[in-house]
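Spelled out from the first residue to the last, the chains are:
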Amino acid sequence: MANSTTSGSQTNKTGSGPVSALWTEINRCGQNGDFTRALKAVNKILHENKDDVTALHCKIVCLIQNGGFKEALNVMNTHTKSLTSDMIGFEKAYCEYRLNRVEHALKTIQGIPEQTDKLKELYGQVLYRLERYDECLAVYKDMIRNSQDDYEEERKTNLSAVLAAQSTWESTSADLGLPESSYELCYNAACFLIGQGQLSQGMQKLQKAEELCRKSLAEDSDVTEEDVDAELAIIHSQMAYVMQLQGRTEDALQLYNQVIKLKPSDVGLLAVTANNIITINKDQNVFDSKKKVKLTSAEGVEHKLATKQLQAIEINKALLAMYTNQADQCNKMLASLQTQNPGHPRPVLIKVAQLCREKQHNKAIELLQRFSDQHPESASGIKLTMAQLYLTQGHVTKACDILKSIEEIKYKPGMLSALVTMYTHEEDIDSAIDVFTQAIQYYQSEQPGSAIHLSLVREAANCKLKYGRKKEATSDLEQLWKQNTNDVHTLAQLISAYSLVDQDKAKALSKHLPSPDTMSFNVDVDELENSHGATYIRKKAAKVVGESQPKEPGPEDVKKKKKKKKGKLPKNYDPKSTPDPERWLPMRERSYYRGKKKGKRKEQVGRGTQGATSGASAELDASKSASSPPTSPRPGSGTGTATATSNAVPPRQQKPAAAGATRKKAPQKKKKGGKGGW
């Protein structure tokens, strides 16, 4: 910060008393920090002499101290002839820096011949804002090494901030072993560890920074609990970020919302916190995301955050527009992102996702292909997306061709596995084997005999054996066996492959097999047979104790056989007569069934109109008349002779009458059930 400049030189040529009194007042106000009153006195002097250099310099300092950076810069630009860069170079660069004209501030600093300590301090801040971290690091190292004043801890804090930024945005940094005496230093050390991926250690540093912050603020009696929470907001937001990276999204969301409720004055902190909440919501809870996205568009956010942070926020805005079906707004945002950074692949991928939502897959693939041709440095991720789109459309071979064109990951194990799987799915075994062949040749020249090389040779041999390419598999198996001649499994595979190709070779290789004695394994056969997966269990023989003879089975040991119960025979059963062969069929399905005659009704007892009698129906019953002889004798009846009784055939054993014979049958009760029988 620029300090007030006072001067004892007489600027008024007349030396009048009022002007001298004004300078005295300016000196007193400068010492007391009352720059508003000092500015009034300076303006009175300039009213008398508008070109007074010392008064102009004092006015610039007063304006800077009161936050009037634009007015101070206007004064400097108006009096360029009298105010040289040697005199007000630092103040001009500082005003430009505070007005976020960082590029202009850098040019102003570089144009000043004398580099003072305060100018170097400002130079480091400007380089940090421009994200030129290597140069900024060199400036702070030089200042810490060559300066001897009371601001060493502040410089170390700034240096630790540079290290944290390098670790986060450039993934390249070296730990300088800075102390952690203050919570700012401890916080920057935590950010450094988080950038290196050491999340647990980073969380521990953040907890330590929180403790140091509470202790330092507890010493000030004027600090309230709300002030402490506001100071801890940035630490808590970083803690939530670590939780989010660790997958603890619920805890992270709760802590993020606590920070939002505090409404901190730092618009950059609010923007980052709101953006991280949006990333947790994704395509869910869109209403909350639309409220939070307003915090990322606050005034001055672009000057508080790094370029990658601003890009991430804009990308998330575009994604939110896509999820809320605001296609036009999404496309505008993506166009702006592509203009700012044409080589960034993320806007193109979002545009492709938008096209796929609109079922325009061909346009999406054309866009990816065009971007891949224009920006080969980002082609890997783009081509993977193209392959995925081809697979969703069922074009497996085209997807394989795209994957094979990615040179950076062409011979990675995961890529080889994917290619072989897709080719075998398409029953293109030749292409699958060709993938193995090219990969084996690559590792043979780059990493011969390595674990991945030998594993690829084995997988190639297994694939060839699986699909009947035993002749081709022999060379791979021989290569494996030569690497380890004690590998019996590989030798057995090799002999099996040669047995169908070259039997003499198979016999020669069989001599290398170990003898049966050396191949004996300590296997418990009984335990193996009694295992869960055994399909056959051998019964164990009974143990014989001594030479005792087996006992003869006694009467109690003989199992009694159950006697079969004889079925009940019907009454009047005659064993000499032949039973009806159709007795098991329902009555309606028998050949001699003629159906019921219409007009006949059974005597209805107790039915009919009230007062009706059954006399009329009894008279109409022909079976009760004397002229109608009974068709079969009645049990207990005296009618008929003994011969007739003895020769009578039971109804179930009577043979059916001839088709032409007509015979009246006595009315029978209808049986329940459809089957006849004994």
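Residues numbered from 1 in each chain as written. Predicted model: local features only at pLDDT ≥ 70, side-chain atom pairs only at ≥ 80, totals over all residues. Heavy atoms only, no water.

A few points about the overall build of the protein chain
Scanning the protein chain from N- to C-terminus turns up 30 helices and zero strands. The contacts in the protein chain between residues at least 6 apart in sequence include a share of 49% that link residues at least 24 apart. Accessible surface for the protein chain amounts to roughly 44800 Å². Of this, 50% is attributable to carbon and sulfur atoms. (Helix = DSSP H or I, 4+ residues; strand = E, 2+ residues; numbered from the N terminus. Contact = heavy atoms within 4.5 Å. Areas by Shrake-Rupley, 256 points an atom, 1.4 Å probe, with all protein chains shown as cover.)

Observations regarding the packing of aromatic side chains
Per the stated rule, a full pass over the model turns up five aromatic pairs. With 6.0 Å between their ring centres and 65 degrees between their planes, Phe-69 and Tyr-94 make a pair best called edge-to-face. Linking Phe-69 in helix α4 (residues 69-78) with Tyr-94 in helix α5 (residues 85-98), this pair joins segments that are 25 residues apart in sequence. Taken individually, Phe-69 and Tyr-94 each receive the classification buried, so the pair is uniform in this respect. Ring geometry for Phe-90 versus Tyr-94: centroids 6.2 Å apart, planes at 20 degrees, classification stacked. Separated by four residues within a single helix, Phe-90 and Tyr-94 lie in helix α5, roughly one turn from each other. Residues Phe-90 and Tyr-94 agree in their burial class; the two are buried. What links up through ring pairs into an aromatic cluster is the set Phe-69, Phe-90 and Tyr-94. The ring of Phe-90 has Lys-118 lying over it, and the distance from NZ or CZ to the ring centre is 4.8 Å. (Phe/Tyr/Trp six-rings, centres within 6.5 Å; stacked < 30°, edge-to-face > 60°. Buried < 20%, exposed > 50% of the residue type's maximum accessible area, 1.4 Å probe, protein only. Lys NZ or Arg CZ within 6 Å of the ring centre and 35° of its normal.)

With respect to the UniProt feature "repeat: TPR" (unreviewed entry) in the protein chain
The feature "repeat: TPR" (unreviewed entry), as given by UniProt, occupies residues 233-266 in the numbering adopted here. Annotated as residues 233-266, this span is 79% helix and 0% strand, and its ends, taken at the C-alpha atoms, are 10 Å apart. (UniProt positions renumbered as here; feature names shortened; annotations may be inferred.)

Regarding the side chain of His-375
Tracing the chain through its elements places His-375 in the loop between α19 (361-374) and α20 (379-392). The contacts of His-375, once residues within four sequence positions are left out, are Pro-342 and Gly-343.

Re the packing of helix α24 (residues 451-466) against helix α25 (residues 470-483)
Here α24 crosses α25 at 150 degrees, and the two axes come no closer than 8 Å. Comparing their axes, α25 and α24 come out roughly antiparallel. Note on packing geometry: the crossing formed by α24 with α25 is left-handed. Between α24 and α25, the contacting residues are His-453, Leu-454, Val-457, Arg-458, Ala-460, Ala-461, Lys-464 and Leu-465 on the first element and Lys-470, Glu-472, Ala-473, Asp-476, Leu-477, Gln-479, Leu-480 and Gln-483 on the second. For the contact of α24 with α25, the class distribution of residues is eight nonpolar, three polar and five charged. (Axes fitted to C-alpha atoms, helices over the stretch in contact; angles between N-to-C directions. Parallel < 35°, antiparallel > 145°, perpendicular 65-115°, else oblique. Left-handed = near helix turned anticlockwise from the far one by under 90°. Nonpolar A, V, L, I, M, F, W, Y, C, P; charged D, E, K, R; others polar.)

Details of the nonpolar core
Ile-60, Leu-122 and Val-126 are the most contacted members of the largest nonpolar core, which has 53 residues in total. Among all residues touching Ile-60, those that are not within four sequence positions of it are Ala-72, Val-75, Met-76, Leu-83, Ile-88 and Glu-91. With 38 residues, the next largest nonpolar core counts Ala-364, Leu-416, Val-435 and Leu-456 among its residues. (Core = buried A, V, L, I, M, F, W, Y, C linked by side-chain atoms within 4.5 Å.)

As for a negative patch on the surface
A cluster of like negative charges, contributed by Asp-150, Glu-153, Glu-154, Glu-184, Glu-219, Asp-220, Asp-222, Glu-226, Asp-227 and Glu-231, occupies part of the molecular surface. Elements supplying a minimum of two residues to the negative patch: α9 (152-170) and α12 (225-245). Take Glu-231: it is sitting in helix α12. (Patch = residues over 30% accessible without salt bridge, like charges linked within 9 Å, V, L, I, M, F, W, Y side chains within 5 Å. Salt bridge = Lys/Arg side-chain N within 4 Å of Asp/Glu carboxyl O. Lys, Arg positive; Asp, Glu negative; His and termini not counted. Charge placed at Lys NZ, Arg CZ, Asp CG, Glu CD.)

Structural notes on the side chain of Asn-188
Inspection of the secondary structure assignment puts Asn-188 in helix α10 (residues 183-195). The class for Asn-188 is buried, based on a relative accessible area of 10%. Among the polar contacts listed, one links the side chain of Asn-188 to the backbone oxygen of Thr-157, at a separation of 3.2 Å. Within polar-contact distance, the side chain of Asn-188 engages the side chain of Ser-160 at 2.8 Å. Other than its neighbours up to four places away in sequence, Asn-188 contacts Thr-157, Ser-160, Ala-161 and Ala-164. (Polar contact = N/O pair within 3.5 Å; in protein donor to acceptor, adjacent residues only side chain to side chain.)

Observations regarding helix α11 (residues 199-218)
Here α11 is 20 residues long and its end C-alpha atoms lie 29 Å apart, about the 28 Å a rise of 1.5 Å per residue gives. Every buried residue of α11 is listed here: Leu-199, Gly-202, Met-203, Leu-206, Ala-209, Glu-210, Cys-213 and Leu-217. End-on, the buried residues of α11 take up no more than an arc of 115 degrees, which puts them together on one face. Exposed and oriented more than 90 degrees from the buried face of α11 are Gln-204, Lys-215 and Ala-218. (Expected span 1.5 Å × (residues − 1). Arc of directions from axis to C-beta.)

Some thoughts on the environment of Asp-476
As for its position among the elements, Asp-476 is in helix α25. Classification of Asp-476 by relative accessible area gives buried; the value is 8%. Asp-476 has contacts with Val-457, Ala-460, Ala-461 and Lys-464, leaving out every residue within four places of it along the chain.

A look at the pattern of salt bridges
Scanning all chains against the criterion turns up 14 salt bridges. Between Glu-210 and Arg-214 there is a salt bridge, with the nearest N and O atoms lying 3.3 Å from each other. Here Arg-214 and Glu-210 lie together in helix α11, a separation of four residues that amounts to about one turn. With relative accessibility at 17%, the residue Glu-210 sits in the buried group. Among the salt bridges present, the one from Glu-314 reaches Lys-317, with a minimum N-O distance of 3.4 Å. Placement of both Glu-314 and Lys-317 in helix α16 (residues 307-323) is noted, with a separation of three residues, approximately one turn of the helix. Residues participating in the shared-partner salt-bridge network are Glu-121, Asp-149 and Arg-155.

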